[in-house]
Amino acid sequence: MSPHADAWSAVRGRPWRFLVSAWPWRSLAYLASTVPIGIGVLLVLATVVGLGLLTAVIVVGLLLLAGVPLVATVIAEIERARLRLVLPQPSGGERPTLRERLRTWRTVPVSWSEIGYATLLATVGWVVDAVVLTLAVTTPVVLILAPALVRYDAVDIVGWRIDTAAEAWPAVAVGVLVLAVVAYLLTALASAQAALTRLLLDPPEARLVAAVTELRRSRVGLVDAFEAERRRIERDLHDGAQQRLVALTMTLGQAELELDDGPALDLVTRAHALAEEALEDLRATVRGIHPQVLTDHGLAAAIHELADRSPVPVDTDLHLAGRLPARVETAAYFLVSEALTNVARHSGARDAQVHAWVADGTLTVTVVDDGRGGADPARGSGLAGLAARIDAIDGTLDITSPPGGPTHVRMTCPIGPT
C-alpha cells in the first residue's frame, strides 16, 4: 500500500483487489468507532452546556461554557487521529508536537469549525452510522446464515421471506453479493465522512501550525534581543566604567609616588589596592556578560580559556570545525562556564572533562566530573536558567548526577542558519 493511499483511491484503483484488502475493514472500524465516540461527545457536550446554562448566573457556569472550545479541540485531536483509518495524513510536512499544541492553545482563536464538527458528530454523525451499520451488516449476515436460521424459523429480510432450506441456499449467494456491495458502500460512506472531517478540521490545524511557527520565531527573536542587550551592557561597561577605573588606578598610583610616608600615603595605597580589586571584579563581570574570545575566535577557543582558568584540572576533547550560530555558541559557552563553576565550588572533584562535537546538524556538549554528585537544578543552580535558554533555541539539557557521582551535564542543540 502506497504511503499516500486512502480508502477511496483503493476503490477506484483496483475494485476487485480492494475486496481482499484491509480497506473494507478499516472503513468498517472507522464507522463503527463513530458510534461510541459520538455518544460520548453527546454526553460530554450535554453535561458541559447544560450545567453551564443552569449555573450561568454564577461564575461557575461561565467557566463551564468557556470550556466548550477546549472540549471541541480535544475531540478534534481524537478525530484527526481516527482519520488515519481511511484517510492517512500525507507523509510530508511538519506537524506540531503535543507540547507545542499545549503551549499555543490559548493563542489560537476559537475554532467555530471544530465546535460545529463536535456538534455534528454528537447529533447526526453517530446516528447515521448506527443506522447504516445495522442495515448494512445485518442484511448480508442474515442471508449468508439463512440455511442455519431457517431450521428454527422462517427468515424475513427486506421483504424476502425464506421458509425452506431449498430457498435458503440461493440466499447465501445473494448474501455474498450483497456483502461485496456493502463493502463498497461502507467505504464510500467512510471516505465521504473522513473528507468532511478533514475539510472542517484542517483550517484550525493550519492556524495552529502558523501559531507554532510564530512561537518559534518569537523565541528566537527573544534570544537574539537578549544577546544584543548583553553585548550592549558589556560594551558600555568596557568603554565606560572600566576605563574610568583604569584612570582612577593610574591616578592613585601617581599619587603614591608624590606623597611622603605617613597616614595619607597609607590611605592612598589602600585606595589604590581597592580600585585594582574593583577593576579586576569588573573585568570578570564583563567577561561573564559576553566573553570577547567567544566573539573573536569561537566556541573552541572560549572553552579552552575556561578550562585554563578553572582551579580543577580540565581535559578538553573538542571537534568543532568552523563557527557555529552565535546563539548556539553563546548557550554552549555559558553551559560549560556554569558547569565548571559548579565543579569547582560544590563537587569536590579532582578533575573534569569537556567534550563537544557536531554530528548530523546537531551540537552536543558534555561536561563530566568525578565529584560527589547530587547536583539538582531545582535547588537554585544556574543550570536551571541555562535550561530555559537552551530550550528557547530548541535544544535540550540533561543532567545525571547520582549521589557519589559522577555528574554528567549534556546539551544537545540543532544548528540552524548562522
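Here's a quick rundown of the structure. (Residues numbered from 1 in each chain as written. Predicted model: local features only at pLDDT ≥ 70, side-chain atom pairs only at ≥ 80, totals over all residues. Heavy atoms only, no water.)

### Notes on the nonpolar core
Argument step 1. Within the largest apolar cluster, 36 residues are counted, with the highest numbers of intra-cluster contacts made by Leu 299, Leu 335, Val 336, Leu 340, Val 354, Leu 363 and Met 411.
Argument step 2. At the level of elements, α11 (292–297), α12 (299–309), β3 (314–319), α13 (326–347), β4 (352–359), β5 (362–369), α14 (382–392) and β7 (407–414) are the ones that each hand at least two residues to this core.
Argument step 3. The biggest single contributor to this core is α13, with ten residues.
Argument step 4. Leu 363 has contacts with Leu 299, Leu 320, Leu 324, Val 328, Ala 332, Trp 357, Val 358, Met 411, Thr 412, Cys 413 and Ile 415, leaving out every residue within four places of it along the chain. (Core = buried A, V, L, I, M, F, W, Y, C linked by side-chain atoms within 4.5 Å. Buried < 20%, exposed > 50% of the residue type's maximum accessible area, 1.4 Å probe, protein only. Helix = DSSP H or I, 4+ residues; strand = E, 2+ residues; numbered from the N terminus. Contact = heavy atoms within 4.5 Å.)

### Observations regarding the environment of Ile 75
Argument step 1. Among the structural elements, Ile 75 can be located in helix α5 (residues 68–82).
Argument step 2. For Ile 75, a relative accessible area of 8% puts it in the buried group.
Argument step 3. Sequence separation between Ile 75 and Gly 38 is 37 residues; the distance between their C-alpha atoms is 9.9 Å.
Argument step 4. Other than its neighbours up to four places away in sequence, Ile 75 contacts Val 41, Ala 118 and Leu 121.

### Quick notes on unusual backbone geometry
Argument step 1. Residue Asp 360 is not a glycine yet carries a positive backbone phi of 55 degrees.
Argument step 2. The residue Asp 360 is located in the loop between β4 and β5 in this model.

### Looking at the sheet that holds strand β6 (residues 396–400)
Argument step 1. Read from one edge to the other, the open sheet built from five strands follows the order β3-β4-β5-β7-β6, with strand pairing classed as mixed. Taken across any chain shown, the strands that pair with only one partner, and hence form the sheet edges, are β3 and β6. Mean inter-strand twist for the sheet, computed between neighbouring axes without regard to direction, equals 10 degrees.
Argument step 2. In this structure, β3 lies alongside β4, joined through six bridges in parallel fashion. Paired with Leu 318 across the two strands is Ala 356, which belongs to β4.
Argument step 3. Relative to β3, α12 is tilted by about 175 degrees, and along the sheet it contacts β3, β4 and β5. (Pairing = 2+ DSSP bridges. Axes fitted to C-alpha atoms, helices over the stretch in contact; angles between N-to-C directions.)

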